[in-house]
Amino acid sequence: MTARVTTGVILAGGASRRMGQDKAMLPARGHTSLLHHQVALMQQLGLEQLFISRHITLQTPADLQHLVISDINDEYHDGPLAGIFSIAKACPQAKALLVMPVDLPLMDLATLRYLLNIGDADDRAVYFLQEYLPLYLPLSTRIRQYLEDQLTLATADKSIRGLLSYCQALSLQPANSTALTNTNTHEEWLASQQVSATPTVIERE
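Keep in mind that what you see is a predicted model, and the values were worked out from it rather than measured.

A. Region of the structure containing the sheet that holds strand 2 (residues 49-53). Spatial strand order, 3-2-1-4-6-5-7: seven strands in an open sheet with mixed pairing. Sheet topology places strand 3 (68-69) and strand 7 (170-172) at the edges, where each strand pairs with a single neighbour. Examined bridge by bridge, strand 5 (residues 126-128) and strand 6 (residues 135-138) share two bridges and lie antiparallel to one another. Directly across from Tyr127, in strand 6, lies its bridge partner Leu135. Docked against the sheet, helix 1 (residues 34-43) engages strand 1 (6-11), strand 2 and strand 4 (96-101), running at close to 165° with respect to strand 1.

B. Structural view of the packing of aromatic side chains. Inspection of the entire model under this criterion finds three aromatic pairs. An angle of 15° between the planes, with centres 4.2 Å apart, marks the rings of Tyr146 and Tyr166 as stacked. In this pair, Tyr146 sits in helix 4 (residues 141-152) while Tyr166 sits in helix 5 (residues 160-167), placing the two residues 20 residues apart along the sequence. For Tyr166, a relative accessible area of 33% translates into the label partly exposed.

C. How the structure looks around helix 2 (residues 80-90). Where burial is concerned, most of helix 2 is hidden: eight out of the eleven residues are buried. Buried residues of helix 2: Leu81, Ala82, Gly83, Ile84, Phe85, Ser86, Ile87 and Ala88, and no others.

Rules of the game
Residues numbered from 1 in each chain as written. Predicted model: local features only at pLDDT ≥ 70, side-chain atom pairs only at ≥ 80, totals over all residues. Heavy atoms only, no water. Pairing = 2+ DSSP bridges. Helix = DSSP H or I, 4+ residues; strand = E, 2+ residues; numbered from the N terminus. Contact = heavy atoms within 4.5 Å. Axes fitted to C-alpha atoms, helices over the stretch in contact; angles between N-to-C directions. Phe/Tyr/Trp six-rings, centres within 6.5 Å; stacked < 30°, edge-to-face > 60°. Buried < 20%, exposed > 50% of the residue type's maximum accessible area, 1.4 Å probe, protein only.

The following block contains the structure:
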């Protein structure tokens, strides 16, 4: 287990408009839903806590409801930064977040563990290439204030890219780039189901 008090975050708050249905609820990898699969994957990392960022307007399976923290704004989902902020605010004791979007069905344990270990060792924000998510994010007072400002100020930048720039985050090279396969459309989802996700030994860039 990492020495830092790290909280796992699964981002599953979006409306899945391009998919045409809630992608978090699609059956995946032998689980009743992709959300169940990602929870099971993250639980193998030995994190101190694990939460699901999922907007209150979305239905959640009964057995996962105790993990859900909804956005501060209960009228509409304001993007991944809003989900990150809501969980950071709900977990004042957390020193870092390991953030993964739900729509990476081929993500593997080795890739997540590598991100966690490098972020924890270097005490800095880290991500892969230009994918931005998943992300290891230390929660210093400065970072917490940045998140709050971006969700409350009229001139805010609510992008993950802006957060990474502010943090001077480190970009890593994954050995298994297939793990970063994103599924936003039905076609992308079907293609991902034809691929077998296999753990890969990962080396630092």
